[in-house]
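So the chains spell out like this:
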Amino acid sequence: MDLNGFNFFSETGITVTSKANTTQALIFKSASLFALRIVLNSSNLAALKEAITRKMSEAGSLFKDEAVVLDATRINEAPDWPALLAHLQANHLPVIGVMAEGAVLDSARKAGLVPVTLSTPSNANRRDDEPPAAPIPQAAPAKPEPEPAPEAPPAEPTLVIKRQLRSGQRVYARNSDLIIIGAVGRGAEIIADGNIHVYGPLRGKAIAGAKGNTQARIFTSQLDAELLAIAGIYRLIDADFNQSLIKQPVIVELENESLSFISNDEHK
């Protein structure tokens with residue numbers, strides 16, 4: 001089981017009013033939601049429960065009470081959904097939706113799970129032990145016609161925060177980079193679809209490339225984080241981490257589906 005997907009999804013803004021009264025009974029507003037994507041590689045309940053317990057033990061309180069989407073697109077047989085959901089709830093992981101197909105999706109619906117679609121890296125559904133599919137050779141058309149280049153999502157201006165972020169505070173830079181001038185305290189979270197720059201101590205969670213941008217990077221002048229992630233690949237900064245990098249200027253990038261940490265000394 002993989003416990004490394006970080007995703008966001010939004011709702012379209014709609015206003016609903018009562019015909020009998022001009023007072024708005026409710027308003028639908030666009031909102032972004034941070035969701036932890038748990039990828040199921042097995043339908044074996046015992047294995048899943050053991051993996052969940054181990055992951056939560058390793059992560060401490062970092063994932064506690066985070067919204068969860070279960071990604072069951074890699075399995076062909078449905079797990080015991082009620083028992084799995086109960087175990088997740090007992091570990092403070094509330095499930096808000098599921099990604100699945102065919103009979104697995106049907107069984108998930110019957111268990112009360114809501115199907116959702118999330119933005120994921122292009123290679124997210126490929127098993128780690130599967131090589132990329134070989135390209136199928138095709139004859140070139142006699143008169144190729146140029147196709148218009150796909151439109152990239154509009155880039156937003158870089159979000160700049162000039163203050164300290166304390167425990168419980170969360171900042172998300174949608175479709176842009178994020179610059180923090182100040183400390184990011186433990187328990188705080190900074191999230192960006194692009195790069196993250198922290199000019200100060202980084203002690204909380206930093207999640208770059210939140211929508212799957214594998215080229216995103218994290219820059220900090222003082223690394224002391226709880227968790228770092230790029231495009232859904234995360235790393236806990238724990239006792240097993242290279243202690244020589246702690247409280248040092250570091251660049252974090254994604255290389256071969258794992259996080260690479262480059263100290264400032266390597267650029268001199």
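Residues numbered from 1 in each chain as written. Predicted model: local features only at pLDDT ≥ 70, side-chain atom pairs only at ≥ 80, totals over all residues. Heavy atoms only, no water.

The chain is annotated in an unreviewed UniProt entry as Probable septum site-determining protein MinC of Advenella mandrilli. What UniProt states about the chain under its Subunit (unreviewed entry) heading is, verbatim, "Interacts with MinD and FtsZ." Under the heading Sequence similarities (unreviewed entry), UniProt records this for the chain: "Belongs to the MinC family." (UniProt positions renumbered as here; feature names shortened; annotations may be inferred.)

Enquirer: Give a description of the sheet that holds strand β7 (residues 159-161) that names residues and reports values.
Expert: The strands that make up a sheet pair up through hydrogen bonds in the backbone, lying either parallel or antiparallel. Here we have six strands laid out as an open sheet, ordered β7-β9-β11-β13-β16-β17, and mixed in their pairing. Single-partner strands in this sheet number two, and they are β7 and β17 (258-263). On average, each strand axis in the sheet is tilted by 20 degrees relative to the strand beside it, whichever way the strands run. When strand β13 (residues 217-223) meets strand β16 (residues 250-255), the two strands line up antiparallel, connected through four bridges. Residue pairing for β16: R217 is matched across the bridge by E253. (Pairing = 2+ DSSP bridges. Helix = DSSP H or I, 4+ residues; strand = E, 2+ residues; numbered from the N terminus. Axes fitted to C-alpha atoms, helices over the stretch in contact; angles between N-to-C directions.)

Enquirer: Just give me the short version of the sheet that holds strand β14 (residues 227-230), but keep the residues and values in it.
Expert: The mixed open sheet is built from five strands, whose spatial order is β8-β10-β12-β14-β15. Looking at strand neighbours, the two that pair on one side only are β8 (170-173) and β15 (233-236), the edges of this open sheet. Averaged over all pairs of adjacent strands, the angle between strand axes in this sheet comes to 10 degrees, irrespective of strand direction. Sheet topology places strand β12 (residues 205-208) next to β14; four bridges connect them, and they run parallel.

Enquirer: Account for unusual backbone geometry, naming residues and giving values.
Expert: A positive phi angle, near 50 degrees, is found at A231, a position not held by glycine. Along the chain, A231 turns up in the loop between β14 and β15. Not every positive phi belongs to a glycine, and N256 is a case in point at roughly 55 degrees. Within the secondary structure, N256 sits in the loop between β16 and β17.

Enquirer: Tell me about a nonpolar patch on the surface, residues and numbers included.
Expert: Together, V160, I181 and Y199 give the surface a local cluster of nonpolar side chains, amounting to about 270 Å² of exposed area. The residue I181 is located in strand β9 (residues 178-181) in this model. For I181, a relative accessible area of 39% gives the class partly exposed. (Patch = residues over 30% accessible without salt bridge, like charges linked within 9 Å, V, L, I, M, F, W, Y side chains within 5 Å. Areas by Shrake-Rupley, 256 points an atom, 1.4 Å probe, with all protein chains shown as cover. Salt bridge = Lys/Arg side-chain N within 4 Å of Asp/Glu carboxyl O. Buried < 20%, exposed > 50% of the residue type's maximum accessible area, 1.4 Å probe, protein only.)

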